[in-house]
Every structure is written in C-alpha cells, then in structure tokens.
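Descriptive structure summary
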Amino acid sequence: MAPDGAPAAPGHAVLCTDLVKVFDASGDPVPAVGPLNATFAAGRTTALVGPSGCGKSTLLRMIAGLERPSAGAIRIGGGTPHDLARRAGLAMAFQDAALLPWRSVRGNVALGLRLARRPADPARVERLIETVGLGGFGDRRPAELSGGMRQRAAIARCLVSAPELLLLDEPFGAVDELTRRRLNRDLPALWQGTTAILVTHSVVEAAMLADRVLVLSPRPATIVAAIDVPLPRPRDEDDSALRERIARIAGALRTSAPGRALAAQ
Amino acid sequence: MNAPVTRRGTHPAARIVVRAGPVAWQVLSVAGLLVAWEALARLNAGSYVLAGPVAVTRYGVEHAGLLAHAAGITLANAAWGFLWGNLAAVALAAAILLVPRLERCVVALSLVVFCLPLVATGPILRVALGPGNGPQIALAALAVHYTTLLALLVGLRAVPRSWLDLVESYGRGAGAQLLHIRAMAALPYLAAGLRIAVPAAILGAMVGEFTGAERGLGVLTIRAMRALDVDATWAIALIAAGIAIVAYRAFGALLGFVTDPPALLLAAPAPAIRRGRMRRAGELAVTILATLALWQGGMDALGLSPFFARRPGDVLAFLVTDAGAASHRAALAGAYGETLFYAVPGYLAGLALGAGLACAVVLAPGLATIVLPLAVALRSVPIVTTAPLLVLALGRGATGTITIVAVMIFFPTLVAALQGLRQAPGQVIDIFASYATGRWRTLALARVPAMLPAFFAAARMGVPAAILAATTAEWLATGRGIGGLMALTASTSGYNMLWSATALVALTATLAYALVARIERAVLRVYGPEQLAR
C-alpha cells in the first residue's frame, strides 16, 4: 500500500542493454561501467552492491539520466531515462539527503511537488511527513534535525510526487548504526509496489531492503551474481534466513573482488 | 552555561567581572588612545602635523552645518554608485550564467576596469561628464562592481553537486537550478559582497570629489589641505572614516550579519578545466582584443571628443611612432619606476605586518582584546580618504607614500589572516595539543598552512588597492611618480600622456593580480583543494 492510502504508481521495468560508461575528461579514458546487461523488475526493489569505486553510483546516475552512457541503452517502460525524468516519473535520494537548508521540512517535501511541476497539495505533504515519522517537525530546518530525520525527510520528498521509479544512492550511508537499522526496518514499506533501485556498500542493508541483490565486479562494473531475497517484510536482521542470504551476498562479493576488505558490517 | 566561568568560581559577581573584563579594557584603551593623541598633538603644536581630539571636536562643532551638508552629498553619491555598480555586477553574473563561455572574458574585462587608476579616470570622467555628480557616482560604481561580481560568482557555485542533481533528476534544467538552488544559495554571498562594497563606494565617491567637484567631503579635504588647515583635515578624515564604519556596520546589521564575511568570499575564480596551451593563449588574445575594442568602441559609441578621449591608436602613436616617442617613453618609464619603488615595498610591508600581527594575536591571545576591535573597525575605513593625514604626519617624501600603501594593505590582510588562522581544524589542533606541542610549533605547522588561502585572497585583492593608494598619495601630496604625472597631465590637458599612463597602470595591476592569483591557485591546490572545486 502506498503511504497516502492511494494505490502505488504503476512501476516500470528498467532494462540496461550493453551499457558502457567511459570517463574521458583528461584524455586518459577510464572505463567505469560495463558492458553490462541487467533487468530491474517492475514494482520490485533491487540493490546494487560492489566494492567501493566500482561504478555502481555511475550506473545509478545513468539510470537517473544524470550521466549519458558512452554506449548501449537504458529503457524504462519503453522510453529513455530522460523521457521519464521529463514527466517527473523519477525521484532520487542522495547520500547527503540534499535538503535545502533555507527551507523547512515542509518546504523541502513540497519542493518535490514543485520540481515535478505538480500542483501544490499541502494535505499530501503533511500526510507524508507523518508517514515517515516526522509529525510535528514540519517547521524545523534541516540543520535542526538528526541525520536519520534528514533522510526521512528526503524520502518523503521523493515519495510526494508518487514516482514511477525510485533511486536511492546510499541513502543511509551517513547515519549511525542504530538509526540505520531502524530506517532499514521501517522505510521499505513506504515504497512497496514502486520500482526501486538502491546503491549501497552494506551487504546487510542490501538484504534488508531488496527483493533482489545484484553483485558488481570492481571497475568497470559488470554483474557477477544475482541473489534473490524472497523474504516477507518487515525483515529482522537476526533472522536466520536473512543471515543466510547475507552470507551468500558477502561470498559473491569476496569472489568478485578478492583481496579487498569488505564492508560486511 | 556555567562551565567557562568555573575557573573564577560560580559566584554571580565573579561572572559579571568575567564578562565586564573585555569591555572595561576596551573603554580603557580607547580613553588611553585619546589622551595619548591629545598629548602628542600638544607636543607637536605648531608643526602642522597633528590636530588633537579637542581641536578636531572644536572644528567639528563650529562647522557642523557645512560638514553635515558635505557628508550628505558624499553619501548620496556613494549610494548611487553603490546601486549602479552592484546592478552591473548582477547583470554580468547573469550573463555569465546564461553563457558560461563568457566567464573568463567578462571577469578579465571587469578586472581591467577595476584596475583603472581612479586618479586618471576621475579627471577624464570630469571632462566627459562635467562638474556635477556624474564622475563621483561613476567612480563609486567602478570601485564596487568587481568585488560584488566575484562574490556572486563564488556564491552561485557554492552549491553541493547533489542539490543540482536533485533538480536535474526531475527533468528540470539550468533555469530551475538557478531559481530553486543557486539564487538562494548565493544570497549570503551577495549580502557579504554588498557589505564589502559599502566602504569601497564611499572611497570612489570621495576620489571623484577630489577631481574637482563642487560639493562634498572630498572637496573640503582638498581645500583644507591647500590651506594647511590641520584641524579641518583631521576632522574631515575622521568624519569620512566614521561614516564608512557606521555604514559598514549598519549594512551588516540590516542584512543580519553577526560576524564578518569570510575572507574566502573573494576566492579566485577557479579555472574550470585544465585547458591546453593553445586554448589559453586564444582566450588571452580574445580578452586583449575585447579590451581594446571596448576602449575604442565605447568612446566612439558615446561620441566622446578625441581631444580628451584618446583611443588605443593615439596611445600607440604617442609611445611608438611619434617623433618624440622616445622621450615620451622615458618620461613615462621614469615616473612608473618611481611609483613601483614606493608601491612594492609598501605592499609587501603591509602583507608582512598584517600576517605577522595576526600570528602575534594567536600567540598572545590577550592582544586580541585591543587589536581586534580596532582592526575590524579600521578595515572598513577607505584608507585613501585618510591619505592627507598620513602625508601631513610623515611628510611628502618616500616614507609617506610607502606608509599609505602599507596601511591600505595592512588591515584587510590582518583580518583575513586572523580568519584563516582560526580555520585550522579543531581536531588537528587537538592532535598537536595531545603531543604537548608548543605554541610556536602549532602555529607554524598547523595554523599558518590553514591561513594561507585567506592570506593569498587578501594579497590578490590588495594589488589594485596598493596601486590606488600609491597613485592617490602621489596625486594629492607628493606630486611625484606616475600619480603625479597623471595629475599634471590632467591639469595641462596632456591627454596622450594621461592615457598612456592609465593604460600602463591598468596593465600592471591586471598582470600583478593575475600573477598573485596564479601563486594563490598553486597554494590552494595543496592547502585548500576543496576551494578550487566548482
């Protein structure tokens, strides 16, 4: 069920075909991604995990239309990422929350509607602030909030425009462990039914949030393993079935990047 | 919070003593300064150098009406110049945002205009615009536009990447980024830039009045100097300084500033991407051509008489192809060398003294109680307007000019260096403390490196200021050097020489500015890489 009680926006599958990204700023080409083929199932949450610097954020930015692929294509529901962005069917959460310091929580959430060129809807904004657990904090500025509260506000801003595709770039990377556990447990319900893609370096987080985890190789990123996590929500970090998936994801990561220290928490 | 007071006990009376301490010190030091000033003035009575507080106050009271009227006119001119100059800066920043390729060229042209010696542009504007308020307003506008433009450009870019990505992820473009993100994020920078512009506008207006206006504080200054009226010179200079301080403070309060704007506000415009040698040479050529085209085209468009508004070709002929070109060049070079002989040592001394005193304050924090309020107040004084005082005090020789230049550079450097020294991250200082490192070593190894970016920003902005100070002192007082040459040729209609000197001074200031900016970037690459990022 979507946060405001209305049915979730219909999800789209995301299709990456022979996707390649090469950075070439200083005449010294650096391959970042690919060639990579992947399908992100409609209405499901997919996590991308991989060693740091492997190009997973670049992949996410290409899906968001923020970077242009060097070769290959991304199709979302029959269109390009740019088509989806132009009709504001996309919402992205950033590691630093990206809240504007001069706007209140309410103003930041409402900005999600304004940027999406939707009519103002104060009632919906209030409902979302309530839903992410920030009731009573609508007038606060981001600087007055804790890191976890800021991420909640950022998620509310994403969801207020009822996106068809939700992109999360290490959204809880900068919050403390306890808060992170709580967010991992509480927040996924809010976007259930929406196609969501999550980038994280935490194996536990990937298993907690995702229906499917794609393990990436070191740069340039390709997919080396796909592990399904068909467990009911809310999930429990100490559940043995989840623990088993975590071990499998961590094992795939180890084979993908041997010799690297893993953030398996 | 009681914690800081525990050292002295938590008795309420003790707390009041702690809080009253610095204020009492300030009152005492101000009183001490006044007494010393009066005593010094009495000792030097009859030497036409120093007027004591009593004499200055007497003059001020006796001529209150005249002074108030003149101050009102100067303030009005400064306000109009402030308005036009800042509007121009906003328009230029908008043009750069719309067409980013324009940036280098626009900033360079703006810098050249900023580096024009007011001493020469004043008389030229006077001939062009007549005896009214036009030249004062134009000079005030010229004096403020560049710093505001820099502050705006820094502010428009001081935006985290993710904020821009956020807007773009909704399929919105540069327009929405400007509206929702950049314009809002730039506001504090604009406000701080406008605040810096307040004393600069007053300075521009007063220099404009020096060039033969009919009313204003600058006019009274010139009259008082000619009449060797020491009381009047002192009273007028103090009033001008006071107006600048009050305007700076009031403007800060109006915009809700509690502290001074960060020194790095005027960070060097970052070179966007490392460019090839050919590309840079191309940009330089375009900038030079644009400057010459603006010079020639602007004068043609305004229909200015070639009699006083000489074109690039006239200057070239005067210095290269004319029969007497060699003697022209020799005269110009002699004056130019003399000015540099004063300006360079003064500039370096100002930088060294400013940074040195800042370090001393860090080593002996007690010093801060006396130095800081004074420095922050005097920093907003357009020093050039007090040039007549320094000339009175130090004579018309080398010492006077060098001192004026040094004082002009000293206060901004001190304030910037102090801000920089405080930039040293607390954790780094804690590490040093955990090894019981001495104050000197902590200063040298942790604080001074953290200070360098702010110091070099001050050094760069000080280049045009130093040349302004040197030429104004020569013009008003010593009659030597290139400032003296410009004053002489302006009054004898030797416009070829005047324009040649102007071009030479502007070129020197621009090149020196670019040189310091280059050193600054090399330093920033090591000591403040985050400030080079866009």
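Analysis parameters
- Residues numbered from 1 in each chain as written.
- Chains lettered and ligands numbered in written order.
- Predicted model: local features only at pLDDT ≥ 70, side-chain atom pairs only at ≥ 80, totals over all residues.
- Heavy atoms only, no water.
- Patch = residues over 30% accessible without salt bridge, like charges linked within 9 Å, V, L, I, M, F, W, Y side chains within 5 Å.
- Areas by Shrake-Rupley, 256 points an atom, 1.4 Å probe, with all protein chains shown as cover.
- Salt bridge = Lys/Arg side-chain N within 4 Å of Asp/Glu carboxyl O.
- Helix = DSSP H or I, 4+ residues; strand = E, 2+ residues; numbered from the N terminus.
- Buried < 20%, exposed > 50% of the residue type's maximum accessible area, 1.4 Å probe, protein only.
- Pairing = 2+ DSSP bridges.
- Contact = heavy atoms within 4.5 Å.
- Buried area = accessible area lost by both parts, 1.4 Å probe.
- Polar contact = N/O pair within 3.5 Å; in protein donor to acceptor, adjacent residues only side chain to side chain.
- Nonpolar A, V, L, I, M, F, W, Y, C, P; charged D, E, K, R; others polar.
- Domains from an automatic or database assignment.
- Disulfide = S-S within 2.5 Å.
- Axes fitted to C-alpha atoms, helices over the stretch in contact; angles between N-to-C directions.
- Core = buried A, V, L, I, M, F, W, Y, C linked by side-chain atoms within 4.5 Å.

Right, let's get into a nonpolar patch on the surface. Together, Trp80(B), Leu83(B), Trp84(B) and Leu87(B) make up a nonpolar patch on the protein surface, roughly 440 Å² of accessible area in all. Here Trp80(B) lies in helix 3 (residues 64–98).

Before going further, it helps to examine the pairing of strand 3 (residues 45–49) of chain A. All names here are of chain A. Burial analysis of strand 3 places five of its five residues in the buried class, the great majority of the element. Residue alternation in strand 3 divides its side chains into two sets, Thr45, Ala47 and Val49 and Thr46 and Leu48, and both sets are buried. Where strand 3 and strand 8 (residues 212–216) come together, four bridges link them in parallel fashion. Residue pairing for strand 8: Val49 is matched across the bridge by Val215.

For the rest of this paragraph, the subject is the environment of Ile196(B). All names here are of chain B. Along the polypeptide, Ile196 turns up in helix 8 (residues 174–210). Assessed through its relative accessible area of 21%, Ile196 is described here as partly exposed. Sequence separation between Ile196 and Ala522 is 326 residues, and the spatial gap between their C-alpha atoms is 26 Å.

In this section: the interface of chain A and chain B. With 27 residues of chain A in contact, the opposing surface of chain B contributes 16 residues. Interface area, chain A with chain B, both sides summed: about 1900 Å², of which 62% is carbon and sulfur. Interface area lost by chain A to chain B is led by Leu66(A), Trp102(A) and Leu115(A), which between them contribute 34%. Seen at the junction of chain A and chain B, the total is two salt bridges. Across the pair Glu67(A) and Arg161(B) runs a salt bridge, and its minimum N-O distance is 3.8 Å. At the junction of chain A and chain B, the tally comes to five residue pairs in polar contact (both at pLDDT 80 or more). Mapped onto the side of chain A that touches chain B, the elements with two or more residues apiece are helix 2 (81–86), strand 5 (90–93), helix 3 (105–115) and helix 5 (147–160) of chain A. Counted by class, the side of chain A that touches chain B contains 16 nonpolar, three polar and eight charged residues.

Our next topic: the domain arrangement of chain A. Residues and elements named next belong to chain A. Domain assignment breaks chain A into domain 1 (1–89 + 164–265) and domain 2 (98–162). One C-alpha centre belongs to domain 1, the other to domain 2, and the line joining them spans 23 Å. With 18 residues of domain 1 at the contact, the number on the domain 2 side is 15 residues. For the domain 1 and domain 2 pair, buried surface summed over both sides reaches about 1400 Å², with 66% attributable to carbon and sulfur atoms. Elements with a contribution of two residues or more to the side of domain 1 that touches domain 2: strand 6 (165–169) and helix 6 (177–186). The element contributing the most residues to the side of domain 1 that touches domain 2 is helix 6, with four residues. In terms of residue class, the side of domain 1 that touches domain 2 is built from 12 nonpolar, one polar and five charged.

It is worth spelling out the state of the cysteines at this point. All names here are of chain A. Enumeration over the complete set of coordinates arrives at zero disulfides over all chains. A disulfide-free cysteine, Cys54 has its sulfur positioned 14 Å from the sulfur of Cys16, the nearest such atom. Cys54 gets classed as buried once you look at its relative accessible area, which sits at 1%. Cysteine Cys158 shares no disulfide, and the gap to the nearest cysteine sulfur, in Cys16, comes to 19 Å. Given the relative accessible area of 1%, Cys158 is considered buried.

Attention now goes to the sheet that holds strand 2 (residues 30–40) of chain A. All names here are of chain A. Here we have three strands laid out as an open sheet, ordered 2-1-4, and antiparallel in their pairing. Sheet topology places strand 2 and strand 4 (71–76) at the edges, where each strand pairs with a single neighbour. Adjacent strand axes in the sheet meet at a mean angle of 20 degrees, parallel and antiparallel pairs treated alike. Inspection of the sheet shows strand 1 (residues 14–23) paired to strand 2 by seven bridges, in the antiparallel sense. Bridged to Val22 within strand 2 is Pro31. On the sheet, helix 1 (residues 56–63) packs against strand 1, strand 2 and strand 4 and is oriented at approximately 120 degrees with respect to strand 1.

Attention now goes to the nonpolar core. Ranked by internal contacts, the top residues of the largest apolar core, which has 123 residues, are Tyr146(B), Leu217(B), Tyr347(B), Ile482(B) and Met486(B). Top contributing element to this core by residue count: helix 18 (residues 439–478) of chain B, with 17 residues. Composition of this core by domain shows at least three residues from each of domain 1 (53–261) and domain 2 (283–534) of chain B. Residue contacts for Ile482(B): discarding those within four places in its chain leaves Leu332(B), Ala335(B), Tyr336(B), Thr339(B), Thr471(B), Glu474(B), Ala501(B), Leu504(B) and Val505(B). Residues Val33(A), Ala116(A), Ala196(A) and Val215(A) belong to the second largest nonpolar core, which totals 96 residues.

Positionally, Glu164(A) belongs in the loop between helix 5 and strand 6. Reaching out from Glu164(A), the side chain makes a polar contact with the side chain of His12(A) at a distance of 2.7 Å.

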